[in-house]
Amino acid sequence: MANEQALLSTEIVNRGIESSGPDAGSLTFSVRVRRRLPDFVQSVNLKYVKLGYHYLISHAIYLATIPVLVLVFSAEVGSISREEIWKKLWEDTRYDLASLLAFFGILVFTVSVYFMSKPKPIYLIDFACYRPTDDLKVTKEQFIEQARSSGKFDEESLQFQRRILQNSGIGDETYIPKVVMSSENCSTMKEGRAEAATVIFGALDELFEKCRIRPKDVGILVVNCSLFNPTPSLSAMIVNHYKMRGNILSFNLGGMGCSAGIIALDLARDMLQANPNNFAVVVSTEMVAFNWYPGKNKSMLIPNCYFRMGCAASLLSNRRHDFRRAKYRLEHIVRTHKGSDDRSFRSIYQEEDEQRFKGLKISKDLMEVGGDALKTNITTLGPLVLPFSEQLMFFATLARKQLFGGKAASKPYIPDYKLAFEHFCVHAASKSVLDELQRNLELSDKNIEPSRMTLHRFGNTSSSSIWYELAYLEAKERVRRGDRIWQLAFGSGFKCNSVVWRSLRKVKKPTANNPWLDCLDRYPVQMHI
């Protein structure tokens, strides 16, 4: 019971002036109880630390052998004089051509094997985020009024959505397709394909223009869209629209949630490692109209309030000469999957309600299972990105916990992830999730600003949200050469994934088609946290 209470938080909510009833004309308040993320950085599972140190373990032979060779070489050199060293290096070998050639042959072979086995660097040339037209903007009040006029919701469902929107962190300029607020059925293949064509082609047109490449130059295409998966696939739709080449390696990822954008990057990276001198395009999106829920189930109404139109497209390259024009270099990708646990698997679940309306059901366990997945992911990522001093302190307290336990391990050392990254792009899922992440990771308001502002301006655009956040950082001219950017996303399954980029140059001026350009002077907005 105590553990359950620790996951709950209370908040007094001002519901405004009562318009009717015995309390008409007076202020009314309510107490809201909600679940919070567990304090996941206060407990660490050793097996996930081992995953993070896998790189060091796999290279242990080199770490053990090199010091021994250095010691042996130092002892050998220290036992002879300078004259004898010169004699051994020159006088005794100058006539031994075979030994000299053998030495250089081994050297060249060793260096060649090293560079051939070393993974090729993957560069992010540029990316594009689609901004819908202004006629698709909707305020929170318009959202409720249009939902009422559509005739799809009863009054109780409308009031529930109003309460969610008031505390969602979403602003009054997000975008939704017009058809969702009409009286017609919007969950059709026709409407899904129409929305997909609008957002995907809009993002790709901008990407090809910015990067000055032809669609036929692309050798690898990866598309991720979780809930809309037509036949032929969305990747086939893109190939057909742009008349891409016949030997393109195309992939379509479906049903993988809001973190699928990083999964798509991981797949594109693997394909680039296996196919040299190539371009890869990654498209991340979600269809709002096709997944609109018109029923009464409150847990299935929540996605209506958060999900909005959006799409992002990125161009990756493994060509070394693209280093000069690339913006970022891919450093790390860490993926965590908790699907083996039943609660995690069903925390975000697509199904029909009693009226046979299809929708996403959000479990009350979502915050708890999400916190567990986040803890696993950042624990695995830590050894790859944290400074040595932080790793040493972290590992020392962890070892003390394993050896002594008890009071010695009551308060473990919490690594400061702000020392590992200059910028944070956390998936803009909801205000409550961002609040808890900021508290757990001890991030400053400026660290979490890109996520909060993206949620306010564009809503939850699913897997593309982390790219709108990076576009915000570029528009504010905060990205400098050498900066490290952490993109963190989570979604159904339950999955939590991280990708780390390193900036190769300073982004001096936002491009003319940056999605933030028309409203940049108004951000950041003041928000009640």
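Above this text sits the structure in question.
Everything numeric in this text was worked out from a predicted model, so none of it was measured.

Cut-offs and rules
Numbering of residues begins from 1 in every chain and follows the order in which that chain's sequence is written. Local features in this predicted model are restricted to residues of pLDDT 70 or higher, and side-chain atom pairs are both shown and tallied only at a pLDDT of 80 or more, whereas totals for entire chains, interfaces and linings draw on every residue. Only heavy atoms go into the side-chain values, all of them from the structure, while hydrogens and water stay out. Segments assigned H or I by DSSP are reported as helices when at least four residues long, segments assigned E as strands when at least two residues long, and all are numbered from the N terminus. Burial classes follow relative accessibility: with a 1.4 Å probe on protein chains only, a residue under 20% of its type's maximum area counts as buried, one over 50% as exposed, and anything between as partly exposed. We call two residues contacting when some pair of their heavy atoms lies within 4.5 Å. For the area figures, the Shrake-Rupley method with a 1.4 Å probe applies, and any residue is considered shielded solely by the protein chains shown. Where helices are involved, their axes are fitted lines through C-alpha atoms of the stretch in contact, as for all axes, and angles between N-to-C directions lie from 0 to 180°. The scheme is simple: roughly parallel for angles under 35 degrees, roughly antiparallel for over 145, roughly perpendicular for 65 to 115, oblique for anything else. The residue classification treats Ala, Val, Leu, Ile, Met, Phe, Trp, Tyr, Cys and Pro as nonpolar and Asp, Glu, Lys and Arg as charged. All others, Gly included, are polar. Aromatic rings from Phe, Tyr and Trp, taking only the six-membered ring of Trp, are treated as a pair when their centres fall within 6.5 Å; an angle between ring planes under 30 degrees marks them as stacked, one over 60 as edge-to-face, and anything in between as tilted. Only lysine NZ and arginine CZ atoms are considered, and such an atom sits over a ring when it is within 6 Å of the ring centre and within 35 degrees of the ring normal. Here a salt bridge means any side-chain nitrogen of Lys or Arg lying within 4 Å of a carboxyl oxygen belonging to Asp or Glu. Paired strands are those between which DSSP finds at least two bridges. Multiplying 1.5 Å by the helix residue count minus one yields the expected span of that helix. Two axes enter the definition of the bend at a residue: one is fitted to the seven residues ending there, the other to the seven starting there, and the bend is the angle between them. Any two cysteine sulfur atoms within 2.5 Å of one another count as a disulfide. For any helix crossing, the convention is left-handed if the near helix is rotated counterclockwise from the far helix by under a right angle, and right-handed if that rotation is clockwise. Residues counted as positive are Lys and Arg, residues counted as negative are Asp and Glu, and His and the chain ends are not counted. The definition of a polar contact used here is a pair of N or O atoms within 3.5 Å, where within protein one atom must be able to donate a hydrogen and the other to accept one, and adjacent residues in sequence count solely through side-chain atom pairs.

### Things to note about the overall build of the protein
Line of reasoning, step 1. Secondary structure assignment for the protein yields 18 helices and 15 strands.
Line of reasoning, step 2. Buried residues in the protein amount to 49% of all 529 residues.
Line of reasoning, step 3. Contacts spanning at least 24 positions in sequence make up 79% of the contacts within the protein whose residues lie at least 6 apart.
Line of reasoning, step 4. A total of about 26,400 Å² of accessible surface is found on the protein, and carbon and sulfur atoms cover 57% of it.

### Some details on the packing of helix α16 (residues 431-441) against helix α17 (residues 445-458)
Line of reasoning, step 1. Packing of α16 against α17 leaves a shortest axis separation of 11 Å and a crossing angle of 170°. Put simply, α16 runs roughly antiparallel to α17. Across the interface between the two elements, K431, L434, D435 and Q438 of α16 pack against D445, I448, S451, R452 and L455 of α17.
Line of reasoning, step 2. Residue classes in the contact of α16 with α17 are distributed as 3 nonpolar, 2 polar and 4 charged.

### Things to note about the packing of aromatic side chains
Line of reasoning, step 1. Evaluated as defined, the whole model comprises 17 aromatic pairs.
Line of reasoning, step 2. Joined through ring pairs, the aromatic side chains of Y175, F458, Y468, Y472, W516 and Y523 make up one cluster.
Line of reasoning, step 3. The side chain of K358 reaches across the aromatic face of F290, ending 4.6 Å from its centre.
Line of reasoning, step 4. The ring of F458 has R457 lying over it, and the distance from NZ or CZ to the ring centre is 4.7 Å.

### Digging into the pattern of salt bridges
Line of reasoning, step 1. Scanning the model with the defined rule gives 36 salt bridges in all.
Line of reasoning, step 2. Residues K140 and D172 are paired through a salt bridge, measuring 3.3 Å at the closest nitrogen-oxygen approach. Here K140, found in helix α7 (residues 140-150), pairs with D172, found in the loop between α8 (155-166) and β5 (174-175); they are 32 residues apart in sequence, far enough to count as distant.
Line of reasoning, step 3. The partly exposed category is assigned to K140, whose relative accessible area is 23%.

### Structural notes on the sheet that holds strand β7 (residues 249-253)
Line of reasoning, step 1. Here 9 strands make up an open sheet; going across it, the order is β7-β6-β8-β9-β3-β10-β15-β14-β13 and the pairing mixed. Edge positions in the sheet fall to β7 and β13 (423-426), since each has one partner strand and no second. When strand polarity is set aside, the average angle formed by the axes of neighbouring strands in this sheet is 20°.
Line of reasoning, step 2. In this sheet, strand β9 (residues 311-317) lies alongside strand β8 (residues 279-285) in antiparallel orientation, the contact comprising 7 bridges. Across the sheet, residue F279 finds its bridge partner in β9, namely S317.
Line of reasoning, step 3. Here helix α10 (residues 234-242) sits on the sheet in contact with β6 (220-225), β7 and β8, set at roughly 135° to β6.

### Some words on helix α12 (residues 298-306)
Line of reasoning, step 1. Buried residues dominate α12, accounting for 7 of its 9 residues.
Line of reasoning, step 2. Along α12, the residues classified as buried are S299, M300, L301, P303, N304, C305 and Y306.
Line of reasoning, step 3. Structurally, α12 contributes buried residues whose contacts are with α7, α8, β11 (348-352) and β12 (358-362).

### Describing α17
Line of reasoning, step 1. With 14 residues, α17 ought to run about 20 Å at 1.5 Å a step, and its terminal C-alpha atoms sit 19 Å apart, in line with that.
Line of reasoning, step 2. By the largest-angle criterion, S451 marks the main kink of α17, which is about 30°.
Line of reasoning, step 3. The buried fraction of α17 is high, at 12 of 14 residues.
Line of reasoning, step 4. For α17, the full list of buried residues reads N447, I448, E449, P450, S451, R452, M453, T454, L455, H456, R457 and F458.
Line of reasoning, step 5. On its buried face, α17 sits against β4 (137-138), β5, β13, α16 and α18 (465-475).
Line of reasoning, step 6. Positive phi shows up at G459, right after α17, with a value of about 75°.

### Details of the state of the cysteines
Line of reasoning, step 1. Per the counting criterion, the structure on display carries 0 disulfides.
Line of reasoning, step 2. The cysteine C311 is free of any disulfide, with C129 supplying the nearest cysteine sulfur at 8.7 Å.
Line of reasoning, step 3. Given the relative accessible area of 0%, C311 is considered buried.

### Here's the deal with the packing of α17 against α18
Line of reasoning, step 1. The interhelical angle for the contact between α17 and α18, taken along N-to-C directions, is 110°, at an axis separation of 9 Å. For the element pair α17 / α18, the angle class is roughly perpendicular. Viewed along their axes, α17 and α18 form a crossing whose handedness is right-handed. In this structure, α17 contributes E449, P450, S451, M453, T454 and F458 to the contact, and α18 contributes S465, Y468, E469, Y472 and L473.
Line of reasoning, step 2. When the residues that make up the contact of α17 with α18 are grouped by side-chain class, the tally is 6 nonpolar, 3 polar and 2 charged.

### Observations regarding the side chain of K152
Line of reasoning, step 1. Relative to the elements of secondary structure, K152 occurs in the loop between α7 and α8.
Line of reasoning, step 2. One buried charged side chain, K152, makes no salt bridge at all; its nearest oppositely charged neighbour is E184, positioned 8.1 Å away.
Line of reasoning, step 3. Only 3.0 Å separates the side chain of K152 from the backbone oxygen of E184, close enough to count as a polar contact.
Line of reasoning, step 4. Excluding anything up to four places from it in sequence, K152 contacts A147, V179, V180, S182, S183, E184, C186 and P294.

### Here we look at the pairing of strand β3 (residues 123-129)
Line of reasoning, step 1. Most of β3 sits inside the fold, with 7 of its 7 residues counted as buried.
Line of reasoning, step 2. Pairing geometry for β3 and β9, over 6 bridges, is antiparallel. The residue bridging D126 from the neighbouring strand is L315, located in β9.
Line of reasoning, step 3. Here β3 pairs with strand β10 (residues 328-337) via 2 bridges, running antiparallel. Residue Y123 lies in a different strand from β10, and its bridge partner there is R329.

### Some words on the environment of A260
Line of reasoning, step 1. For A260, the location among the structural elements is in helix α11 (residues 260-274).
Line of reasoning, step 2. A relative accessible area of 3% places A260 in the buried class.
Line of reasoning, step 3. Taking the C-alpha atoms as reference points, A260 and S464, separated by 204 residues in sequence, lie 9.1 Å from one another.
Line of reasoning, step 4. Residues in contact with A260, not counting those within four places in the same chain, are N224 and S463.

### Comments concerning unusual backbone geometry
Line of reasoning, step 1. P232 follows T231 through a cis peptide bond whose omega is -5°.
Line of reasoning, step 2. In this fold, P232 is placed in the loop between β6 and α10.
Line of reasoning, step 3. The step from Y523 to P524 runs through a cis peptide bond, and the omega angle for that step is 5°.
Line of reasoning, step 4. Summarising the element assignment, P524 is placed in the segment after β15 (495-503).
Line of reasoning, step 5. The phi torsion at K243 lies on the positive side, around 50°, for a residue other than glycine.
Line of reasoning, step 6. One can find K243 in the loop between α10 and β7.
Line of reasoning, step 7. By relative accessible area, which is 51% here, K243 ends up exposed.
Line of reasoning, step 8. In this model, E442 sits at a positive phi of 55°, which is unusual for a non-glycine residue.
Line of reasoning, step 9. Residue position: E442 is located in the loop between α16 and α17.
Line of reasoning, step 10. Given a relative accessible area of 54%, E442 falls into the exposed group.

Everything listed here is a matter of geometry and, on its own, says nothing about what the molecule does.
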